[in-house]
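Here is how the chains run, residue by residue.
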Amino acid sequence: MREEKIGVLCSGRGSNLASIIAAVERGDIRAEIAVVIADKADAYALERAREKGIPAVAVVYRDYAARADFEDALRAELSTHGVTLIVLAGFMRILTPAFVHAYAGHILNIHPALLPSFPGAHAHRDALSYGVKVSGCTVHFVDEGTDSGPIIMQAAVPVHDDDTEETLAARVLAEEHRIFPEAIRLYVDGRLQMDGRQVRILPCQ
Ligand code: GRF
C-alpha cells in the first residue's frame, strides 16, 4: 500500500474536512492528513484542524500580486508537508493548468451536484432554477477544466418542490460526508484505475 500524505484545501466551515478527519481516526482512510490549507485566514476549517493537532496554514489569496504567486505559495506548503494527495474540500478557487499538471491524477474534488450538470459555484441555485427532480454530489479527479475531471463516485438525493438552496444543500451535504471519505479511501488503497474518462474501482486485494 502507498503511504499517502493528504493535503486538504478548504475555504470555509470545513464540514467535509471533519468527515475526512473522522474517517482517518476510524482507520477507514489509512493515510495521514499532513496539512490543512485555507485561502482565508478566518476559515473555520483551520480551527477544526488545529483542534485535532493537524498543521493548519492560511495562504491568503489577496496577499499575492498574481495567481501564480498564490499557487507557488500553496505548492511550497504542500511540498513542505510532503503531500502526495490533494483533497479539495470546499476550496472555492480554480487552480491553474500549471498547478493541476504538477499533481495530475493526485487531486480530488467534491462538487455538490450530479456532474456534468451544474458545475461552478452555484450548483444548488442552478439545480433549483432548472427544475431537476434529483440532485446530488460528485467526487472527481481534477483536470484543467471547472468540475470536469473523471468521475469517481456520485450520490443522488431527491429535490422537493418546497426546497430552498439551504434545504437542498443540507440534504446533499449529508451524502458528501459519506462519499468523499469513501472515495479517498479507495484512492489511498490504490483501488482507483483511470482509463481515459472512466474510473474503475478495483476489487480489494
Ligand atoms: C460543499 O458543499 C462542497 O461540495 C462545496 O462547498 C461546500 C463546502 O462545505 N464545494 P464544507 O466547507 O466542507 O462544510
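An account of the accompanying structure is given in this report. (Residues numbered from 1 in each chain as written. Predicted model: local features only at pLDDT ≥ 70, side-chain atom pairs only at ≥ 80, totals over all residues. Heavy atoms only, no water.)

1. With respect to the overall build of the chain
Here is step 1: Within the chain one finds 6 helices and 9 strands.
Here is step 2: Taking 205 residues into account, the globule formula puts the C-alpha radius of gyration at 17 Å, and the chain, at 16 Å, falls close to it.
Here is step 3: By residue count, 47% of the 205 residues in the chain fall in the buried class.
Here is step 4: In the chain, once contacts between residues fewer than 6 apart in sequence are set aside, the share between residues at least 24 apart is 61%.
Here is step 5: Just so you have it, the chain exposes about 9,900 Å², and 50% of that area is on carbon and sulfur atoms.
Here is step 6: The distance from the centre of the 21 positive side-chain charges to the centre of the 28 negative ones in the chain is 3 Å. (Helix = DSSP H or I, 4+ residues; strand = E, 2+ residues; numbered from the N terminus. Rg over C-alpha atoms; globule rule 2.2 N^0.38 Å. Buried < 20%, exposed > 50% of the residue type's maximum accessible area, 1.4 Å probe, protein only. Contact = heavy atoms within 4.5 Å. Areas by Shrake-Rupley, 256 points an atom, 1.4 Å probe, with all protein chains shown as cover. Lys, Arg positive; Asp, Glu negative; His and termini not counted. Charge placed at Lys NZ, Arg CZ, Asp CG, Glu CD.)

2. Quick word on the sheet that holds strand β1 (residues 5–10)
Here is step 1: The 7 strands are arranged β3-β2-β1-β4-β5-β6-β7 in an open sheet whose pairing can be described as mixed. Strands with a single pairing partner mark the edges of an open sheet, and in this sheet they are β3 (56–58) and β7 (151–158). Here the average twist between neighbouring strands, direction ignored, is 20 degrees.
Here is step 2: With 3 bridges connecting them, strand β4 (residues 85–88) and strand β5 (residues 107–111) associate as parallel partners. Bridged to Val-87 within β5 is Leu-108.
Here is step 3: Running at roughly 155 degrees to β7, helix α6 (residues 165–188) makes contact with β1, β4, β5, β6 (134–141) and β7 of the sheet. (Pairing = 2+ DSSP bridges. Axes fitted to C-alpha atoms, helices over the stretch in contact; angles between N-to-C directions.)

3. Concerning the packing of aromatic side chains
Here is step 1: Enumeration according to the criterion identifies 5 aromatic pairs in this entry.
Here is step 2: Of the aromatic side chains, those joined through ring pairs into one cluster are Tyr-61, Tyr-64 and Phe-70. (Phe/Tyr/Trp six-rings, centres within 6.5 Å; stacked < 30°, edge-to-face > 60°.)

4. Focus: the packing of helix α5 (residues 123–130) against α6
Here is step 1: Interaxial distance between α5 and α6 falls to 9 Å at its minimum, and their mutual angle equals 115 degrees. With respect to their mutual orientation, α5 and α6 come out roughly perpendicular. In terms of crossing hand, the pair formed by α5 and α6 is right-handed. Mapping the contact onto sequence places His-124, Arg-125, Ala-127 and Leu-128 in α5 and Glu-165, Leu-168, Ala-169 and Val-172 in α6.
Here is step 2: Among the residues forming the contact of α5 with α6, the class breakdown is 5 nonpolar, 1 polar and 2 charged. (Parallel < 35°, antiparallel > 145°, perpendicular 65-115°, else oblique. Left-handed = near helix turned anticlockwise from the far one by under 90°. Nonpolar A, V, L, I, M, F, W, Y, C, P; charged D, E, K, R; others polar.)

5. Here's the deal with the pairing of β4
Residues in a regular strand point their side chains to alternate faces of the sheet.
Here is step 1: Residues Leu-85 and Val-87 line one face of β4 and the alternating positions Ile-86 and Leu-88 line the opposite face, and both faces are buried.
Here is step 2: Of the pairings in the sheet, the one linking β1 to β4 comprises 4 bridges and is parallel in character. Bridging from a neighbouring strand, Val-8 pairs with Val-87 of β4.
Here is step 3: One crossover worth recording links β4 to the parallel β5 by way of helix α4 (residues 97–102), and it is right-handed. (Right-handed = clockwise from strand over helix to strand, strands pointing away.)

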